[in-house]
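Residue-level structural notes
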Amino acid sequence: MTQREIDLKFIIHHFSTWEVNLNYHNSLNLQDGNIIAEQTICEILNCVFGYALINANSVKRNQSAVDLVDDENRIAFQVTTTNSIRKVQDTLNKFVAHNLHNNYDSVFMLILGKKQRRYPTLEIPSELFFDVNTHIIDFQILLNHINYLNNAKLSHLKKIFISGQPTELKSVKSSVVNLQKKALGMKKKFCKDFLDHELISENFKKRITSKHAHFNFGSAIIRQTGDRTFPGGDLNSPKWTKMEFHDLYDYGVEFIGQGGDIIIDEDGHWDLLGLKDRRAENPLYKKASPHSFLRLSYQDIEAYELESDGHYGYPTIFCDFKYDGWPFEEIKFGRMGINEEFHDTYYLDNAKRKKLS
């Protein structure tokens with residue numbers, strides 16, 4: 001193995017470790033982890049792209065919208081572990097509101113992890129030129145650029161990781177351990193209180209796959225921690241929702257929704273249809289109506305109350321609505337399992353979801 005291959009594998013390994021650690025750190029709202037990352041990522045970006053970035057707070061304390069700035073090249077970076085449309089939109093709006101477009105020609109978003117595949121509803125201010133494919137960078141895109149660095153720069157980049165590694169890992173280690181303990185504790189407690197263990201034992205050999213077949217309750221009220229709007233509230237910004245149990249997955253609880261209509265092309269790519277969507281009549285596409293499966297992670301559950309909510313007669317689960325205003329870390333589409341026919345639940349491949357014209 002050449003020295004170049006050794007250096008590349010070292011860097012890839014540390015990017016992967018960094019992503020996991022920072023995501024755990026961010027989920028605990030420990031923002032100092034992100035500040036540490038900004039200092040190191042500044043050196044990485046300068047090495048990879050030849051920039052002269054510095055921490056924006058060294059220019060102006062509590063700088064809004066951006067974390068790193070390069071006055072010479074007139075560019076700015078927002079560094080974040082959040083890849084949502086809301087985060088990108090908020091950054092662009094603040095960038096213009098604080099007139100930073102007068103000082104910097106371009107603003108980039110660096111996602112410490114993985115960016116979304118699409119940002120379809122993003123509204124770009126007229127004062128900016130912003131291309132989501134160019135100006136939103138994640139670890140994979142960064143690694144693609146790193147792969148083309150010469151050996152000298154690659155060696156220098158490795159040294160940056162080595163110099164920054166001890167401080168970062170020390171700052172997040174206890175947080176990662178505590179978060180893992182919290183998730184495991186919640187899983188054990190939740191399964192004890194919500195699952196019908198007698199039914200599971202009786203029907204184990206029958207391969208129960210139908211919805212909420214092994215739950216003590218058919219549904220639950222999912223409420224944002226601290227919410228006082230229930231049972232009312234703003235429909236445009238809900239703080240609670242009633243959901244029907246479906247199953248457990250490796251990291252949490254899965255609920256089932258109404259889903260919607262989709263179209264599928266001959267290569268298996270699929271896309272959701274909107275109301276009165278003309279694509280539904282296109283003979284090149286097959287049409288289907290899958291269920292939606294909404295996943296709530298154990299680590300996002302703060303508490304729950306088994307007693308009836310007093311309005312719907314269901315238990316209440318309290319959590320943070322941190323995923324674009326919703327509590328679900330992932331939404332999948334597919335076909336619910338049918339107990340009588342011994343059909344397991346089938347999930348559509350999210351990697352094959354694309355915009356179909």
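Residues numbered from 1 in each chain as written. Predicted model: local features only at pLDDT ≥ 70, side-chain atom pairs only at ≥ 80, totals over all residues. Heavy atoms only, no water.

Overview of helix H3 (residues 85-97)
Given 3.6 residues to a turn, an α-helix orients residues that are three or four positions apart in the same direction. Between its terminal C-alpha atoms H3 stretches 18 Å, which fits the 18 Å expected from 13 residues at 1.5 Å a residue. By the burial criterion, the buried members of H3 are Ile 85, Val 88, Gln 89, Thr 91, Leu 92, Phe 95 and Val 96. For H3, the arc enclosing every buried residue in end-on projection is 160 degrees, short of the 170-degree limit, so these residues lie on one face. Exposed positions of H3 whose direction lies more than 90 degrees from the buried face are Arg 86 and Ala 97. Packing partners of the buried residues in H3 comprise strand E3 (75-80), strand E4 (106-111) and strand E5 (136-137). Residue Asn 99 follows H3 closely and has a positive phi angle near 60 degrees. (Helix = DSSP H or I, 4+ residues; strand = E, 2+ residues; numbered from the N terminus. Expected span 1.5 Å × (residues − 1). Buried < 20%, exposed > 50% of the residue type's maximum accessible area, 1.4 Å probe, protein only. Arc of directions from axis to C-beta. Contact = heavy atoms within 4.5 Å.)

Quick look at the packing of aromatic side chains
The way to describe two aromatic rings as a pair is by their centre distance and the angle between their planes. Scanning the entire structure with this criterion turns up 19 aromatic pairs. Ring plane angle 10 degrees and centroid distance 4.1 Å describe the contact between Phe 190 and Phe 194, whose orientation is recorded as stacked. Of the two residues, Phe 190 and Phe 194 are both situated in helix H6 (residues 151-194); the distance of 4 residues between them amounts to about one turn of the helix. Residue classification places Phe 190 among the buried residues on the basis of a relative accessible area of 0%. Accessibility expressed as a relative area gives 0% for Phe 194, which makes it buried. Measuring from centroid to centroid gives 6.3 Å for Phe 230 and Tyr 312, while their planes differ by 50 degrees, and the two rings are tilted. Here Phe 230, found in the loop between strand E6 (219-224) and strand E7 (240-249), pairs with Tyr 312, found in the loop between strand E13 (301-305) and strand E14 (316-319); they are 82 residues apart in sequence, far enough to count as distant. Take Phe 230: its relative accessible area is 14%, and that puts it in the buried class. Judged by its relative accessible area of 38%, Tyr 312 is partly exposed. Ring-pair connections join several aromatic residues into one group, and the members of that group are Phe 190, Phe 194, Phe 215, Phe 217, Phe 245, Phe 255, Tyr 298, Tyr 304 and Phe 328. The ring of Tyr 249 carries the charged tip of Arg 295 above its face, separated from the ring centre by 4.6 Å. (Phe/Tyr/Trp six-rings, centres within 6.5 Å; stacked < 30°, edge-to-face > 60°. Lys NZ or Arg CZ within 6 Å of the ring centre and 35° of its normal.)

As for the sheet that holds E5
Strand order in the open sheet made by the 5 strands is E1-E2-E3-E4-E5, with mixed pairing throughout. Of all the strands in the sheet, the pair left with one neighbour each is strand E1 (54-55) and E5. Note that E4 and E5 share 2 bridges and pair parallel. Within E5, the residue paired with Met 109 across the bridge is Ile 136. Across the sheet, H3 lies against E3, E4 and E5, angled at about 150 degrees from E4, the strand it touches most. (Pairing = 2+ DSSP bridges. Axes fitted to C-alpha atoms, helices over the stretch in contact; angles between N-to-C directions.)

Some points on the pattern of salt bridges
All told, the structure shown has 11 salt bridges when counted by the stated rule. Among the ionic pairs, Asp 105 bridges to Arg 74, the shortest N-O distance being 3.1 Å. Taken together, the residues span a long stretch of sequence, with Asp 105 in the loop between H3 and E4 and Arg 74 in the loop between strand E2 (68-70) and E3 at a distance of 31 residues. Here Arg 74 falls in the partly exposed class, since its relative accessible area comes to 30%. Between Glu 254 and Arg 295 there is a salt bridge; the shortest N-O distance is 2.7 Å. With Glu 254 in strand E8 (residues 252-257) and Arg 295 in strand E12 (residues 291-297), the pair connects residues that are 41 residues apart, well separated along the chain. Here Glu 254 matches Arg 295 in class, with each residue buried. Connected via shared salt-bridge partners are Glu 254, Arg 295, Glu 330 and Lys 332. (Salt bridge = Lys/Arg side-chain N within 4 Å of Asp/Glu carboxyl O.)

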